[in-house]
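Here's the letter readout for the chains.
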Amino acid sequence: MTDFFKYQALGNDYVVIDPRCTDVPVSPESVRLVCDRHFGIGADGVLYGPLEEPRPGVPVPLALFNSDGSVCERSGNGLRMFALHLAEREPGTWAGGEPFTLRTAARDSPVQILDRAAGVVQVGLGKPVFDAAALPLLDEDGTPAEGPTLSVPLTVGERKLTVTALHNGNPHTVVPVAEPTAELARSLGPEIAGHARFPLRTNVQFLRVVSRSVLEIEVYERGAGYALASGSSACAAASAARELGLCDDRVEVRMPGGSVTVTIAPDRSVTLTGESQQVASGVFAPALRARLARAAEAAR
Ligand SMILES: N[C@@H](CCC[C@H](N)C(=O)O)C(=O)O
């Protein structure tokens with residue numbers, strides 16, 4: 001029995017809980033406990049799956065949770081890590097390098113393991129939508145906003161920002177700045193992520209366009225906080241910069257944890273390529289197991 005498999009992608013870390021390997025229950029409270037960096041394993045989120053026996057040619061379903069226990073519809077880094085997990089468990093089926101499909105609450109996402117030893121995986125995240133109803137976004141008076149979200153005036157405390165908001169399986173708000181810093185992400189990120197105009201909250205990226213082929217971002221994630229990297233955030237920043245005419249169709253996105261490559265097709269569909277690795281695997285100690293069981297019982 002193996003209760004957990006821990007992975008990281010440029011420092012964005014997830015715990016995989018595989019129901020084929022453990023009977024550990026998963027609930028918002030148990031996710032919070034597992035992700036706690038002092039009382040649990042520590043992670044930015046949990047990937048729970050496969051939710052059914054994986055079969056070649058059939059989308060493999062999984063559920064994703066942020067470290068605060070909230071459900072997230074999709075995770076670019078998480079999908080890449082889960083693809084590696086499937087390959088580690090059944091290399092004969094999933095490690096051959098052929099593309100296959102993962103299914104989350106957002107949509108189906110094609111993945112392809114390009115270099116298993118180096119952990120290089122590519123994932124297709126589809127086409128972003130730059131529309132208020134998709135985010136969703138409210139107007140200042142709290143009524144549903146309508147129309148394009150390429151340039152949205154957003155008042156945050158004393159600051160008057162102009163941001164680009166988009167939805168690509170999950171919501172994102174890109175904030176162009178002269179210098180993205182961890183301090184800025186940690187201070188302003190929460191105010192934007194939980195802004196009243198985003199009823200489902202939003203992931204936040206602070207973006208500097210270094211050149212037409214290089215972007216630099218700092219990330220504050222919905223439900224997880226400051227992150228060293230984020231796949232869907234890197235794609236959101238690239239899609240926003242591309243839509244604003246600020247970058248080419250293939251960019252390196254630099255984050256504190258490392259860089260990924262994002263390519264944007266003429267139809268706006270986005271592909272993310274980057275490394276990730278397994279960090280550890282193991283069993284929960286009896287005391288933690290008992291707490292997880294109590295948390296799940298309380299959630300029923
Ligand atoms: N780190 C992930 C994003 C995880 C989900 C996000 N926090 C949300 O709630 O949408 C990634 O690599 O995309």
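Residues numbered from 1 in each chain as written. Predicted model: local features only at pLDDT ≥ 70, side-chain atom pairs only at ≥ 80, totals over all residues. Heavy atoms only, no water.

### What to know about helix α5 (residues 231-243)
- Helix length check: α5, at 13 residues, gives a terminal C-alpha distance of 18 Å against a target of 18 Å (1.5 Å per residue), a fit within 8%.
- The set of residues buried in α5 consists of Gly231, Ser232, Ser233, Ala234, Cys235, Ala236, Ala237, Ala238, Ser239, Ala240 and Ala241.
- Gly245 sits one or two positions beyond α5 and adopts a positive phi of about 75°. (Helix = DSSP H or I, 4+ residues; strand = E, 2+ residues; numbered from the N terminus. Expected span 1.5 Å × (residues − 1). Buried < 20%, exposed > 50% of the residue type's maximum accessible area, 1.4 Å probe, protein only.)

### Some remarks on the pairing of strand β2 (residues 12-17)
- Most of β2 sits inside the fold, with six of its six residues counted as buried.
- The alternating pattern of β2 places Asn12, Tyr14 and Val16 and Asp13, Val15 and Ile17 on opposite faces, both of which are buried.
- Pairing between strand β1 (residues 4-9) and β2: five bridges, direction antiparallel. Residue pairing in the sheet places Phe5 in a bridge with Val16 of β2.
- In this structure, β2 lies alongside strand β3 (residues 45-48), joined through four bridges in parallel fashion. Bridge pairing links Val15 to Val46 in β3.
- Read from β2 through helix α1 (residues 28-35) to β3, the crossover connection turns out right-handed. (Pairing = 2+ DSSP bridges. Right-handed = clockwise from strand over helix to strand, strands pointing away.)

### Brief notes about the site of the ligand
- The environment of the ligand is made up of 15 residues, and the closest members are Asn66, Gly76, Glu221, Gly231 and Ser232.
- In this structure, a nitrogen atom belonging to the ligand sits 2.9 Å away from a side-chain N or O atom of Asn12.
- Gly231 is positioned with one of its backbone polar atoms (N or O) 2.7 Å from an oxygen atom of the ligand.
- Computed on the free molecule, the ligand has an accessible area of 360 Å², of which 100% lies beneath the protein chains in the complex.
- For the shell around the ligand, the secondary structure elements donating two or more residues are β2, α2 (76-89) and α5.
- Here the residues of the shell around the ligand are counted per class, giving two nonpolar, ten polar and three charged. (Near = heavy atom within 4 Å. Polar contact = N/O pair within 3.5 Å; in protein donor to acceptor, adjacent residues only side chain to side chain. Areas by Shrake-Rupley, 256 points an atom, 1.4 Å probe, with all protein chains shown as cover. Nonpolar A, V, L, I, M, F, W, Y, C, P; charged D, E, K, R; others polar.)

### As for the sheet that holds β1
- On the basis of which strands lie adjacent, the open sheet formed by six strands has the order β6-β5-β3-β2-β1-β19 and mixed pairing. This sheet does not close on itself; its edge strands, each paired only once, are β6 (71-72) and β19 (277-282).
- Where β3 and strand β5 (residues 63-66) come together, four bridges link them in antiparallel fashion. Looking across to β5, one finds that Gly45 is bridged to Asn66.
- Most of the contacts of α1 go to β3, to which it runs at about 120°, and overall it touches β2, β3 and β5.
- Across the sheet, α2 lies against β1, β2, β3 and β19, angled at about 130° from β1, the strand it touches most. (Contact = heavy atoms within 4.5 Å. Axes fitted to C-alpha atoms, helices over the stretch in contact; angles between N-to-C directions.)

### Description of the environment of Leu154
- Note on placement: Leu154 falls in strand β10 (residues 152-156).
- Of the residues examined, Leu154 reaches a relative accessible area of 1% and is grouped as buried.
- Each C-alpha atom, one on Leu154 and one on Ile192, is 8.8 Å from the other, the two residues being 38 residues apart in sequence.
- The residues contacting Leu154, other than those within four sequence positions of it, are Arg159, Lys160, Leu161, Val163, Ile192, His195, Arg197 and Phe198.

### Some words on the environment of Val71
- Mapping Val71 onto the fold places it in strand β6.
- Among the residues examined, Val71 registers a relative accessible area of 57% and is labelled exposed.
- C-alpha separation for the pair Val71 and Asn170, spaced 99 residues apart in sequence, amounts to 11 Å.
- Apart from residues no more than four positions distant in its own chain, Val71 is found in contact with Leu64 and Phe65.

### Quick look at unusual backbone geometry
- Cis geometry is found at the peptide bond from Gly49 to Pro50, where omega equals 5°.
- By the secondary structure assignment, Pro50 is in the loop between β3 and β4 (60-61).
- Following Leu135, the chain continues into Pro136 via a peptide bond in cis, with omega recorded as -10°.
- Assignment of secondary structure puts Pro136 in the loop between β9 (120-126) and β10.
- Even without glycine at this site, Arg268 takes up a positive phi of about 80°.

### Structural notes on the packing of α1 against helix α6 (residues 286-299)
- Interhelical geometry of α1 versus α6 gives an angle of 155° and a closest axis separation of 7 Å. Between α1 and α6, the angle is such that the two are roughly antiparallel. The interaxial crossing formed by α1 with α6 has right-handed handedness. Of the residues in α6, those touching α1 at Glu29, Ser30, Leu33 and Val34 are Leu288, Arg291, Leu292 and Ala295.
- Within the contact of α1 with α6, the residues separate by chemical class into five nonpolar, one polar and two charged. (Parallel < 35°, antiparallel > 145°, perpendicular 65-115°, else oblique. Left-handed = near helix turned anticlockwise from the far one by under 90°.)

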